Every structure is written in C-alpha cells, then in structure tokens.
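The lines below spell out each chain.
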Amino acid sequence: MFIVYDLIFLVFILIYLPVYLFKRKFHRGFLARLGFIPKGLVFNRPIWIHAVSVGEAMAMRELISELRRNYPHKNFVISTVTPTGNKIARSLAQKGDFVTYLPFDLSFILRKVIKEIQPCVFIIAETEIWPNLITSFNKFNIPIAILNARISDRSFKGYSIIKSLLKPVLSKVNIFCAQTESDSFKLKALGVFSEKITVTGNMKFDQIPARNLNSAVYKERIGLKRDERLLIAGSTHPGEEEMVLNAYRLLLNYFSDLRLLLVPRHPERADAVRALARNSGFKSEKVSLLNLKAPQNEVFVLDTVGELVSFYSAADIVFVGGSLVKKGGQNILEPASVGKPVIFGPNMHNFRDIAQAFLENRAALEVLNQEGLVVAVSSLLNNNLKVERLVKNALEVISNNQGATKRNIVLISKFIEG
C-alpha cells in the first residue's frame, strides 16, 4: 500500500515541480519538504506539533503556551503545509524552535527527517490522517497523539468506504483526544479501540485570551464617525458577498448610519470584492488604501492579514461568513470573545458543535438566507437589550466550555516525561 502511496506522491511532485518553478513559488521552507534541514539546529527530543490549517494552528497556541510552562527545557518543532499556516506557526515559535513545512508524505523523506529530529512525541491537530506520516513515526517508536480530534459527517462517509485500509493506520496512533461524544463514536466505528479515546472537549474555546483592544483605533482606521454604526461580514466567500451587499442595500433604507466592512476569507480576493461593491453602486475602498481626506466610503474591504479580530472590536454586529454558502462556516468564537453579537448562516458543519452550543444557549442568531440577514441585523440595531443578552450568553458559553487544553496535556504528559 505504502509503495503505491509513495509512487502517487512522486508523480505529484514531478508534475507540480515545474509549476513551482514557473510561478516562482519556492519559499524558504520548501526544501524541508524534500527532507533538507538547516544546519546548526540542535534537537533534544523536542515536542513536534503538526497543524494543517490556520484554524488548527491557532487552536495550538494555548497548548504550546501551557507546554512551555510545564516543560521549559523543551523546544518545539511546528509543522504546517501552507504559507499562511507557516506564518501563524512562526508567530508561535521562540528561539530554539524549528518551524517547517511538513516534508512531502513520502516514507523515505519522512524517515530521514524523523531520524534526525527524534521528537519525544508527535501531536496532530484535529484529524489529519496521512498514512505514511503516521506509519513513519510509529516505526521510530515515537508516540502519536491526535488532539482536538473531530470527524465531520462528510469525512466520516469517505473514511467508512476505506475503513479496511484506514484501520491499520489509526491503530498506530497512541491516543485520541476527541472534541465530542459524536467524534468518539465515529472513531470507534472506524476501528479505533475505545481505550485509546478520551473526550476532552474543543481546544478552540481555550484560544480566547483576554483582549484589551482599543476599538477607537480601528474605527479611526476606516474613518467611522461617532454617530455611525458598523456591520462586519467576516471570512466571506464568493457568492456570499453579493448576498451581504444586497442585504446592506436594504438595510440602508432604514439605517442610513450603518457602514459595512467586508472581509474575504482569502485576502487576495480583496480587489475583486472591492470591484463587486463598486459595481453594486457603493463607494468602496480597501482598508490599506484608505485616504480619510477623500469622500466617505460606505463599504470597506479588509485586505490585510491578522487584523480581523482587532476590527471585530470596532463592530456593532458581526456576520460570520462561509455559512450562507456551502463552505462549512468559520470561527464564531473570535467575534463573540470581544463582546459582539454574532449572526451566521445555516452551513456551519465545520463548526457544528460550537454553533449548536451557541444556538441552544441563545448566544447567536442563525439566518437561512439574505432576507433573514436583513431581519436579524435590523432586530439587533433596534434592540440594545437583545444585543446585551446575546453577548452575555456567548461569553458564558465560551467560559463553560474551556479547559480542554489542560485536560489534553495531562493525557500526553506521559509521552513527554517518559
């Protein structure tokens, strides 16, 4: 099986390498994917953490901080697979740590890298099942832990089809720290022994630090006047911005003081989103190009990276995108953590359990479509008491669900200390 897997990846590399050359996409971590590690690095049984997506990397922030406090003598290897994820990983690293792109999932490359680094434990964020990756660490007797483990309904259907191939791979993982009982059930259905699974909760609730953001600074960045209110549509996707702009047009008939900040999930789409707003008849500009002496804009487009939560602090209402279109939603904890009322659409399967907890506790509003968004925003703009209740309930949901990180550390400490 793994020989075939290696051959598939080799073919992929041979095909994609010319694309990298043509587009000049070679980055400083690319050679690490081929097994080349910079000279001069000293490894002393480090803790290796692998997080694929930006969200997964962010969820590891509190874990890394706690591990540093508990094991100050340990350094870290933090691996990702995307440039954006790598940027987040670098923000988590300290002197002596090694941040890298994960080597291509080829057994001969992985074994070379693992032999050189020799980590004390390999931690995978959520449920990234890479057969060669897991098998290679297992061959070196490196304990493997999957933290914040979750399996979406869609993934479960796919995994169930290849259960006979997947079960031997999953058997090599030492421990699964599952988010929910549902995730635990799915893991068992895929052949994981129950004694390897512990339900510890969702670590994303723990990544919410105490924030002292000065909202006035961000209101000033976009020239928001004292008597104006701000609706933020965060992490939006194609097809969703049109719905938000249409809803905003209707809202302006009743709330002429309302302004809109659109934040595309992928910042490289900022020009297209700004053009869409202008073609829809709005005065619009990217935040990085704002000239506050120019005529006032109605629609702003955030085109910078890492500032979304900061701008959330300036909002009166937040709509979280990826949810009116079938993208699975985005993180609603960020706007809720800074005390903002949250609205999202029906497609929240990537954050299903968090969304459900918010709805059950009347801590957020769910809308089905563009018309529902107009109604929801209107109800909040007209009812301060409703806003206060949503915010209060949301902060309670976050507080009541924290602690997964510390529970996970207790379970994996035997690997680090062993």
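We now turn to the structure provided with this report.

Cut-off values and rules
As a convention, each chain's residues are numbered from 1 in the sequence order in which they are written. Only residues with pLDDT of at least 70 are given local features in this predicted model, and only at 80 or more are side-chain atom pairs given and counted; all residues enter the totals for whole chains, interfaces and linings. Hydrogens and water molecules were not included; the side-chain quantities draw on all heavy atoms of the structure. Counting from the N terminus, the helices are the DSSP runs of H or I reaching at least four residues and the strands are the DSSP runs of E reaching at least two. For each residue, the accessible area found with a 1.4 Å probe, counting protein chains only, is set against the maximum for its type, and the residue is called buried under 20%, exposed over 50%, and partly exposed in between. Every accessible area reported is derived by Shrake-Rupley at a probe size of 1.4 Å, with residue values counting cover from the shown protein chains alone. Summarising the geometry, the arc corresponds to the directions from the helix axis toward the C-beta atoms. By the convention used here, residues are in contact when the closest approach between their heavy atoms is within 4.5 Å. Salt-bridge detection follows one rule: a side-chain nitrogen of Lys or Arg within 4 Å of a carboxyl oxygen of Asp or Glu. By this definition, two strands are paired if DSSP reports at least two bridges between them. Grouping buried Ala, Val, Leu, Ile, Met, Phe, Trp, Tyr and Cys residues that are joined through side-chain atoms within 4.5 Å yields what is termed a nonpolar core.

### Side note on the overall build of the protein
A count of helices and strands for the protein gives 19 helices and 14 strands. A buried classification covers 54% of the 418 residues belonging to the protein. For the protein, the exposed area adds up to about 19600 Å²; of that, 54% sits on carbon and sulfur atoms.

### Side note on helix α5 (residues 83-92)
Among the residues of α5, Gly85, Asn86, Ile88, Ala89 and Leu92 are the ones counted as buried. Buried residues of α5, seen end-on, are gathered within an arc of 160° and therefore sit on one face of the element. Residues Pro83 and Lys87 are exposed on α5 and point more than 90 degrees away from its buried face. Here the buried face of α5 lies against α3 (54-59), α4 (61-70), β2 (76-80) and β3 (98-101).

### Details of the pattern of salt bridges
Opposite charge on two side chains permits pairing when their charged atoms draw close. Applying the stated rule across the entire model yields 16 salt bridges. Linking aspartate 257 and arginine 229 is a salt bridge whose minimum nitrogen-to-oxygen distance equals 3.0 Å. Pair noted here: aspartate 257 is in the loop between α12 (240-252) and β9 (258-264) and arginine 229 is in strand β8 (residues 229-236), with a separation of 28 residues, a long-range link. Arginine 352 serves as the salt-bridge partner of aspartate 353, at 3.9 Å between the closest nitrogen and oxygen.

### Structural notes on the environment of isoleucine 49
Here isoleucine 49 is to be found in strand β1 (residues 47-50). Sequence spacing of isoleucine 49 and proline 119 is 70 residues, and the spatial spacing of their C-alpha atoms is 9.8 Å.

### Quick notes on the pairing of β1
Where burial is concerned, the two faces of β1 agree: the one with Ile47 and Ile49 and the one with Trp48 and His50 are both buried. Bridge analysis of β1 against β2 gives four bridges, and the strand direction is parallel. Looking at the pairing, isoleucine 49 lines up with isoleucine 78 of β2. Across four bridges, the pairing between β1 and strand β4 (residues 121-125) is parallel. When the bridges of β4 are listed, isoleucine 49 appears paired with isoleucine 123.

### Overview of the nonpolar core
Within the largest apolar cluster, 38 residues are counted, with the highest numbers of intra-cluster contacts made by Ile222, Ile232, Leu261, Phe311, Ile332 and Phe358. Contributing elements (two or more residues each) for this core: β8, β9, α14 (308-312), β12 (317-320), α15 (333-337), β13 (342-344), α16 (352-360) and α18 (384-400). When neighbours within four sequence positions are excluded, phenylalanine 358 is seen to be in contact with Phe205, Ile332, Leu333, Ala336, Ala363, Ala364, Ala394, Val397 and Ile398. The next biggest cluster of nonpolar side chains, apart from the first, holds 36 residues, and it includes Ile117, Trp130, Ile146 and Tyr159.

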